[in-house]
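Take a look at the letters that make up each chain.
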Amino acid sequence: MFQTRGSRKTLAIRVRRCWQLYLFLLLPVAYLIVFKYVPMVGIQIAFRQYAPRLGIWGSKWVGLAQFEKFFNSYQFERVFFNTLKLSMYSLVAGFPLPILLALCLNSVRNKRYRSAVENITYMPYFISTVVIVGIINQVFNTRIGLFSMAYRVLIGPEVPDLLASATAFPHMYVWSGIWQSTGWGTVIYMAALAGVDPEQHEAALIDGASRFQRLLHVDLPAILPTITITLILRCGQLMGIGFDKVYLMQNDLNLRASEVISTYVYKVGLSAGGGDFSYATAIGLFNSVINLAMIVLVNFISRRVSDTSLW
C-alpha cells in the first residue's frame, strides 16, 4: 500500500514538473481512444447476424457461424493465398532494397550527387495511388503505351495485354510499389547510419579494410537493430494488403490473382449486392488475428535470436 501511494505521488510530481509534455499527449491519446478502442465494440458484429434495424445489441448471436461460412466458402482459398502471395512477394523483393540503397548512398562522397539521388528516389512516394495506377495503365496500354511501342520494335506486333493478365498482376503490383516506396524507406536507415561513430571507420582504415569491408562490418551491424524492428513491424502487416491499389488495378480478367481479403471484404460488405456486414467483419477480424499472431511470433523469435525486440 505504501509503494502504491509512493508511486502515485511520484507520478503526480512528474506530471506537475512536465505538464506541458503531458498536455501534448492528450490529443493523440484521445485519438487512440475514440478511433481505435471505442470502435472495438463493433467487433462483436462478427459473432452476430447483424441487422441494421435491430442494431448491434439486438441482432441475433450466432457465435462462429460467420467464420465457418468463410472457411467453407469457395473464395477462401483464393483470397487467402492471393493475399499471402502478394504480401510475401512484397516483403522478400522490397524489404532489402531500402537497406541496400541506404548503404550505397551512405558510401557516396559527393554530397550533391547523393542529395540528387535521394530526392529522385523519394519523389514517387508522394504520388497518390490513383495517379500511380493511372501511370501503370498508360505505360502498359496495348495501343499507345511505352511498353507496347518497345515491344513492337524489339519483338513483334502482337503485344500481350499485361493489364488483363492474372500472371502479370503480382509482378506489376509489387514492383510498382517498390518503385514508389524504396526511396522513402531509406530515410530511417540513413538516420541510423548517421549515428555511426567515424572513429570506427578510421580504425578499420588503419587495419587495411576496404570500403566494402567497412560497409559489411561497420555500417551493416550499426543498422541491424533498426532492420530487425522494421522487419517485425512489416511481418505484423503481412496480411495487410491495401485495398485501394489492388481494387484500382483489378478487372474481370485478372481477378483470379487480384482478389485479396481487403477487396473481398468490400464486395461482400459494402458494394452493390453485398451488405453482409457480419460476414465482412468476420473476415476482417480473421485477417487482423493473423497479423497479430505474426507480429507476436516474429517478435518472440527475434528476442530469442538477438537482443532486439518490440517488447
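None of these values were measured; they are calculated from a predicted model. All residue numbers refer to positions counted from 1 along the written sequence of the respective chain. Per-residue local features are limited, in this predicted model, to residues with pLDDT of at least 70; the limit for side-chain atom pairs, both in listing and counting, is 80 or more; totals at the level of whole chains, interfaces and linings are taken over all residues. Each side-chain value is worked out from all heavy atoms of the structure, with water and hydrogens disregarded.

1. A few points about the overall build of the chain
- Segments assigned H or I by DSSP are reported as helices when at least four residues long, segments assigned E as strands when at least two residues long, and all are numbered from the N terminus. If you tally the helices and strands in the chain, you get 16 helices and two strands.
- With C-alpha atoms as the basis for the radius of gyration, the globule rule is written as 2.2 Å multiplied by the number of residues raised to the power 0.38. Scaling as 2.2 N^0.38, a compact globule of 311 residues should have a C-alpha radius of gyration of about 19 Å, whereas the chain reaches 25 Å, well beyond that.
- With respect to the principal axes defined by its C-alpha atoms, the chain has extents near 85 × 75 × 35 Å.
- Working note: accessible area of the chain is about 19,500 Å², and carbon and sulfur atoms make up 66% of it.
- Positive charge is attributed to Lys and Arg, negative charge to Asp and Glu, and no charge count is given to His or to the chain ends. Each charge is placed at NZ for Lys, CZ for Arg, CG for Asp and CD for Glu. Across the chain, the mean location of the 27 positive side-chain charges is 11 Å away from that of the 15 negative side-chain charges. To be clear on the numbers: accessible area is Shrake-Rupley with a 1.4 Å probe, and residue cover counts the displayed protein chains and nothing else.

2. A word on the packing of helix H12 (residues 211-235) against helix H16 (residues 277-305)
- One way to put it is that H12 packs onto H16 with a least axis distance of 8 Å and a crossing angle of 155 degrees. Between H12 and H16, the crossing angle belongs to the class labelled roughly antiparallel. In the packing of H12 onto H16, the handedness of the crossing is right-handed. Residues Thr228, Ile232 and Cys235 of H12 form the contact with H16, whose participating residues are Met294, Ile295, Val298, Asn299 and Ser302. Whenever a helix is involved, its axis is fitted only over the stretch in contact; in every case the axis is a line through C-alpha atoms, and angles between N-to-C directions fall within 0 to 180 degrees. For classification purposes, angles smaller than 35 degrees are called roughly parallel, those larger than 145 roughly antiparallel, those between 65 and 115 roughly perpendicular, and all remaining angles oblique. Here a crossing is called left-handed whenever its near helix is offset anticlockwise from the far helix by less than a right angle, and right-handed whenever the offset is clockwise. When checking whether two residues touch, look at their non-hydrogen atoms; a contact exists if any pair is within 4.5 Å.

3. A closer look at the packing of aromatic side chains
- Ring pairs shown here join Phe, Tyr and Trp side chains whose ring centres sit within 6.5 Å, with only the six-membered ring taken for Trp; geometry is labelled stacked below 30 degrees between planes, edge-to-face above 60, and tilted in between. For the coordinates displayed, the defined rule picks out 26 aromatic pairs.
- Between Phe80 and Phe286 the ring centres are 6.2 Å apart and the planes differ by 45 degrees, which places this aromatic pair in the tilted class. Here Phe80, found in helix H5 (residues 76-94), pairs with Phe286, found in helix H16; they are 206 residues apart in sequence, far enough to count as distant.
- The class for Phe80 is buried, based on a relative accessible area of 17%.
- Overall, the relative accessible area of 15% leaves Phe286 in the buried class.
- Ring geometry for Phe243 against Tyr247: centres 5.0 Å apart, planes inclined by 20 degrees, an arrangement best described as stacked. Only protein chains enter the accessibility calculation, which uses a 1.4 Å probe. A residue is then buried if its area is under 20% of the maximum for its type, exposed if over 50%, and partly exposed in between.

4. Observations regarding the environment of Leu220
- Position of Leu220 among the secondary structure elements: in helix H12.
- For the pair formed by Leu220 and Val187, sequence separation is 33 residues and the distance between their alpha carbons is 15 Å.
- In this structure, Leu220 is in contact with Leu103, Leu215 and Ile227, ignoring residues within four places of it in sequence.

5. So, the packing of H5 against helix H6 (residues 96-107)
- Contact geometry for H5 and H6: axes closest at 5 Å, N-to-C directions at 15 degrees. Comparing the axis directions of H5 and H6 gives the class roughly parallel. In contact with Leu91, Val92, Ala93 and Gly94 of H5, H6 contributes Pro96, Leu97 and Pro98.
- Its residues assigned to classes, the contact of H5 with H6 comprises six nonpolar, one polar and no charged. For this scheme, ten residues count as nonpolar: Ala, Val, Leu, Ile, Met, Phe, Trp, Tyr, Cys and Pro. Four count as charged, namely Asp, Glu, Lys and Arg, and the remainder, Gly too, count as polar.

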